[in-house]
Amino acid sequence: SLSALWGVGTVAATWALARPMGRISALLAGLLAAVSPFQVYYSQEARMYILVALLAALATLALGRVLAARDAPSLSILAAYAAFSLALVYGHYLGALVLLSHQFIWLAHWLRPRSGAAHRWRTLLAWVSAQALVVAGYVPWLVASWSALSHWPAVSSRMALGGLLSQAMHTLACGVTCERTTLSLALAVGTMVLAATGALARSRESGTRAGESSIRWTLTLAAAVGVPLAAIYLLSLRRPMYKDKFVLMVSPFYLALVAHGIRSAAAWLAARWQPWAWRLATAVLLALPLAAAAPSLQHLYADPQYARDDYRGLMAYVAAVAQPQDAILINAPTQIETVGYYYRGPVPLVPLPLQRPLDVERTTQQLQTLVA
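About the criteria used
Residues numbered from 1 in each chain as written. Predicted model: local features only at pLDDT ≥ 70, side-chain atom pairs only at ≥ 80, totals over all residues. Heavy atoms only, no water. Helix = DSSP H or I, 4+ residues; strand = E, 2+ residues; numbered from the N terminus. Buried < 20%, exposed > 50% of the residue type's maximum accessible area, 1.4 Å probe, protein only. Contact = heavy atoms within 4.5 Å. Areas by Shrake-Rupley, 256 points an atom, 1.4 Å probe, with all protein chains shown as cover. Lys, Arg positive; Asp, Glu negative; His and termini not counted. Charge placed at Lys NZ, Arg CZ, Asp CG, Glu CD. Axes fitted to C-alpha atoms, helices over the stretch in contact; angles between N-to-C directions. Parallel < 35°, antiparallel > 145°, perpendicular 65-115°, else oblique. Left-handed = near helix turned anticlockwise from the far one by under 90°. Nonpolar A, V, L, I, M, F, W, Y, C, P; charged D, E, K, R; others polar. Expected span 1.5 Å × (residues − 1). Bend = angle between axes of the 7 residues up to and from the residue. Core = buried A, V, L, I, M, F, W, Y, C linked by side-chain atoms within 4.5 Å.

1. A word on the overall build of the chain
Helix and strand counts for the chain stand at 15 helices and 2 strands. Burial status across the chain gives 44% buried among its 372 residues. Sequence-distant contacts in the chain: of pairs separated by 6 or more residues, those separated by 24 or more amount to 70%. On the chain, roughly 19,500 Å² of surface is accessible, and the fraction owed to carbon and sulfur atoms is 66%. Each charge class in the chain was averaged separately, 27 positive and 13 negative side chains, and the resulting centres sit 18 Å apart.

2. Notes on the packing of helix α4 (residues 49-68) against helix α6 (residues 95-110)
Between α4 and α6, the least distance of the axes is 11 Å, while the angle of their chain directions is 15 degrees. Considering the angle they form, α4 stands roughly parallel to α6. For the pair α4 and α6, the crossing hand works out as right-handed. Counted together, A56, A59, T60, L63, V66 and L67 of α4 and V98, H102, I105, W106 and H109 of α6 form the full contact between these two elements. Considered class by class, the residues forming the contact of α4 with α6 number 8 nonpolar, 3 polar and no charged.

3. Notes on helix α12 (residues 278-302)
Its 25 residues give α12 an end-to-end C-alpha distance of 35 Å, which sits within 8% of 36 Å, the value for a rise of 1.5 Å per residue. Along α12, the largest kink reaches about 30 degrees and is centred on P289. Of all the residues in α12, the buried ones are A281, T282, L285, L286, P289, A292, A293, S296, L297, H299 and L300. Each element contacted by the buried residues of α12 is listed here: α2 (23-34), α3 (37-42), α8 (161-174), α9 (182-200) and α11 (251-271).

4. Section: the nonpolar core
Among the nonpolar cores identified, the biggest contains 86 residues, and Y81, L221, V247, M249, F253 and I262 are the most heavily contacted of them. Residue contributions to this core peak at 12 residues, all from α4. If we ignore the near neighbours within four places in the chain, the residues touching Y81 are A59, A62, L63, V66, L99, H102, Q103, W127, A130 and Q131.

5. Side note on α9
Look at α9: 27 Å from first C-alpha to last across 19 residues, which is about the 27 Å you get at 1.5 Å a residue. Along α9, the residues classified as buried are S184, L187, A188, G190, T191, L194, A195, G198 and A199.

Structure representation (structure tokens):
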């Protein structure tokens, strides 16, 4: 239930991310987040992934407050940003990639021409101080986990840039409960076009301060999607590390851009057709991401193929058939906590192999000892 609460919070945060781009964009973003099969799936899993998505959104919203400050941001704004950022990287190591996008976003904002050298240096000092606070707070965990982190194995096969982006695009639109078909890929491409439209759309208030702020915010959201994905690809050149669930942290930004793309495209069509037609155009364009989501949600709720593994049933079977001389071999060692939660019998739990890639000679010796 805790993950479900984080999921509901992520819906609200996605609405807030789109709010600077207009009320309609925000409402559409909230709707898309509420029915996102990707977010719904991980809102039903007792792990950290949907929490990381929420924290990424909250840290970025705090970044928006930092960028909007006329002078150096206040201490309360900086403290909120540092707190959300620190929670984000404690939630998952790769949360640091969202913070990396923040560095590019802030630097582009800081380099914009403006008057007042003193203001620029106060702003720089405030930003560096916030980053130093995040680093100082994270160092204890980094020291404690460095050995495991530096020896973490590859978690995927090598992927070309096009393949990685195609997989990420499909996952963001259709989630992880839908087979990749020609139709689902076409819907994912259409959703991506809407997101690109949202990132490049000019505000209806272009030329005004509000319009310029809206344009900068769409580019901020685009960077929050693009920089983490680019970083995952570059890091994977050394050690493949792409997994669909790692992309969840950029989904609030992506859905906000899709929503703004729908609103902007509908307004453009209405301006060249009939003013009242924007409602019809909005409904037609909204049908695209909803059509991508619908089969995945149906699979999630009704197709046993996509159900979580039934560890309770598995361990009930083991308890019924296990003999005193048996052992339970767990060939994915990280599952030992889950198996141990449901199995409390006398048969020992043996996680093998203990390393990836598998050490054949050592594992063979351990198996021979176990059999003996």
